[in-house]
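Coordinate inspection notes
Letter by letter, the chains look like this.
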Amino acid sequence: MSQLIYLDNAATTQVYPEVLDAMVPYFTEYYGNPSAIYTFAGNAKKAVDEARNILAEGIHAKPEEIYFTGGGSESDNWVLKATAEAYESKGKHIITTKIEHHAILHTAEYLEKKGFEVTYLDVDENGLVRLEDLKAAIRPDTILISVMAANNEIGTIEPLAEIGAIAKEKGILFHTDAVQAFGHIPIDVDAMNIDMLSASGHKVNGPKGIGLLYIRKGVKIRSFVHGGAQERQRRAGTHNVPGIVGFGKAAQLAFENMEKRSKYETELRDHLIERVLAEIPYSRLNGDRTKRLPNNANFCFRFIEGESMLILLDQNGICGSSGSACTSGSLDPSHVLLAIGLPHEIAHGSLRLTLSDKTTREEIDYTVDKLKTIIERLRSMSPLYEDFVKKQNQ
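To start, this report covers the structure provided alongside it. These numbers were taken from a predicted model, which means no experiment stands behind them.

1. What about the environment of Met-381?
Looking at the secondary structure, you find Met-381 in the loop between α13 (361-380) and α14 (383-393). On the basis of relative accessibility, which here comes to 54%, the residue Met-381 falls in the exposed class.

Structure below.
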């Protein structure tokens, strides 16, 4: 197979042609600043409003509760820092988990240096938050609970409705980093009692550099970016109109096709998982078997070093990853895999393959066939594997 097989859709996605077509006029024809008062700017303002309506409707929010940002990391930073500032008089305790994206974890570490206390919840072997642990961690001075909707590495979907109910009962704000989940699984901010939610355009076949933060009406967090009155005086900066339009169009397609796409990707994902576990010895699936994103498969292969595996996959035209794209340059094993209890030597041999609705069964079968050959080759050069086999044969 000579063509590229792209199986890293958790890192970023292809911009759909319909999305690009929707964006182009706002670069070349309707290029006015939507904050201007003259008629020419009206087309840009209308487009921004329409995108805001689409994004709000998709998560059952109100349009005025949607704020555009530069992406998921900015949204996560905004939530933690601005909530800490706004509610400091009530308390200085925040609860999150050990498997969050680094946009949450590093911001939490920053706040700890500012005098806040952060509880990092453990998760079970599948990456699920234990609700009893969450309840036990809550204190009178807890001001925020931040738990991701679905993990970006192992795909496990967290019990948002149950977490939201606990937060509401205790009068604590609840934020979810939904960057991986938005547009892929149903999210209802009212039914799940979500007060704030982060999402990003490039995870749903939209453009990079555009995201959103949902802030429930009545939540009193302040501006994060200062300098202008855009976004109802909560986020300054000239609107990225083409990006906003593209995000809106991509989200519209995602919401309309979610059920069909989810069914297709789940069937393909399960085929991939079943073949790998059946045909490659000493392999394991990471994350919950069923409570996982439709397009996510994450494996560990014993006696394998992940980077070598990725290089050999790339030489065969296959794009995969060993974890989050944000930490791809790190030599340390995934913090997520360590948090679910894997030892370093196994966590180092991880592979994340994330599909799209354009992925074919032929591509999956080709990938598994190549993966089997690659792992066999790498193990043949491994002294650890050689020692293991000798002990097994004794």
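2. A few points about the nonpolar core
One finds Ile-59, Ile-145, Phe-182, Ile-194 and Leu-197 to be the most contacted residues of the largest nonpolar core, which totals 63 residues. The leading source of residues in this core is helix α9 (residues 241-279), at 7 residues. Beyond its immediate stretch of four places on either side in the chain, Ile-145 contacts Ile-95, Leu-134, Ile-138, Ile-163, Ala-167, Ile-172, Leu-173, Phe-174 and His-175. Formed by 27 residues, the second largest nonpolar core is a distinct cluster that contains Leu-268, Phe-301, Ile-304 and Met-309.

3. As for the sheet that holds strand β7 (residues 196-200)
Strand order in this open sheet of 7 strands is β2-β8-β7-β6-β5-β3-β4, and the pairing throughout is mixed. In this open sheet, the two edge strands, each paired with only one partner strand, are β2 (66-69) and β4 (117-121). Averaged over all pairs of adjacent strands, the angle between strand axes in this sheet comes to 20°, irrespective of strand direction. Note: strand β5 (residues 142-146) against strand β6 (residues 173-177), 3 bridges, orientation parallel. Bridge pairing in β6 places Ile-145 opposite Phe-174. On top of the sheet, helix α3 (residues 42-58) reaches β2 and β8 (211-215); it is set at about 115° to β2, its chief contact. Along the sheet, helix α7 (residues 160-170) contacts β5 and β6; its crossing angle with β6, the most-contacted strand, is approximately 155°.

4. Overview of the pairing of β5
Across the 5 residues of β5, 5 count as buried, placing the element largely inside the fold. Summarising the sheet, strand β3 (residues 93-97) and β5 pair through 3 bridges and their orientation is parallel. By the bridge assignment for β5, Ile-94 is matched with Leu-144. The handedness of the β5 to β6 crossover, carried by α7, is right-handed.

5. Some details on a nonpolar patch on the surface
A contiguous nonpolar patch, built from Val-15, Leu-20 and Val-24 and spanning about 210 Å² of accessible area, is present on the exposed surface. Mapped onto the elements, Leu-20 comes out in helix α1 (residues 17-23). Leu-20 gets classed as partly exposed once you look at its relative accessible area, which sits at 45%.

6. Some details on empty space enclosed by the protein
If you roll a probe as big as a water molecule over the atoms, it shows you where there is empty space left. A complete count under the given rule lists 1 cavity of 30 Å³ or more for this structure. Approximately 40 Å³ is the volume found for the largest cavity. In terms of lining, the largest cavity is formed by Gly-183, His-184, Met-258, Arg-261, Ser-262, Glu-265 and Pro-294.

7. Section: the packing of aromatic side chains
For the coordinates displayed, the defined rule picks out 11 aromatic pairs. Connected via pairs of aromatic rings, a cluster forms that spans Tyr-282, Phe-303, Tyr-385 and Phe-388. The cationic tip of Lys-92 hangs over the ring face of Phe-116; the distance from NZ or CZ to the ring centre is 5.0 Å. Lying over the aromatic face of Tyr-67, Arg-232 brings its terminal NZ or CZ to 4.2 Å of the ring centre.

8. So, helix α10 (residues 306-315)
Of the positions making up α10, those classed as buried are Gly-306, Met-309, Leu-310, Leu-312 and Leu-313. The buried residues of α10 occupy one face: seen down the axis, they fall within an arc of 165°. Facing away from the buried side of α10 by over 90 degrees, the exposed positions are Asp-314 and Gln-315. For α10, the elements touching its buried residues are β10 (296-301), β11 (318-319), β12 (350-354) and α13. Here α10 starts with a cap whose side-chain oxygen sits 3.2 Å from the backbone nitrogen of Glu-307, and that cap is Glu-305. Where α10 terminates, the next one or two residues include Gly-317, which has phi positive at roughly 80°.

Definitions and limits used
- Residues numbered from 1 in each chain as written.
- Predicted model: local features only at pLDDT ≥ 70, side-chain atom pairs only at ≥ 80, totals over all residues.
- Heavy atoms only, no water.
- Helix = DSSP H or I, 4+ residues; strand = E, 2+ residues; numbered from the N terminus.
- Buried < 20%, exposed > 50% of the residue type's maximum accessible area, 1.4 Å probe, protein only.
- Core = buried A, V, L, I, M, F, W, Y, C linked by side-chain atoms within 4.5 Å.
- Contact = heavy atoms within 4.5 Å.
- Pairing = 2+ DSSP bridges.
- Axes fitted to C-alpha atoms, helices over the stretch in contact; angles between N-to-C directions.
- Right-handed = clockwise from strand over helix to strand, strands pointing away.
- Patch = residues over 30% accessible without salt bridge, like charges linked within 9 Å, V, L, I, M, F, W, Y side chains within 5 Å.
- Areas by Shrake-Rupley, 256 points an atom, 1.4 Å probe, with all protein chains shown as cover.
- Salt bridge = Lys/Arg side-chain N within 4 Å of Asp/Glu carboxyl O.
- 1 Å grid on protein atoms, 1.4 Å probe; cavity = no way out; pocket = protein on both sides within 12 Å on 5 of 7 lines; lining within 4 Å.
- Points joined across faces, edges and corners; volume = space filled by probe spheres on them.
- Phe/Tyr/Trp six-rings, centres within 6.5 Å; stacked < 30°, edge-to-face > 60°.
- Lys NZ or Arg CZ within 6 Å of the ring centre and 35° of its normal.
- Arc of directions from axis to C-beta.
- Polar contact = N/O pair within 3.5 Å; in protein donor to acceptor, adjacent residues only side chain to side chain.

It is worth stressing that arrangement in space is one thing and function is another; only the former is reported here.
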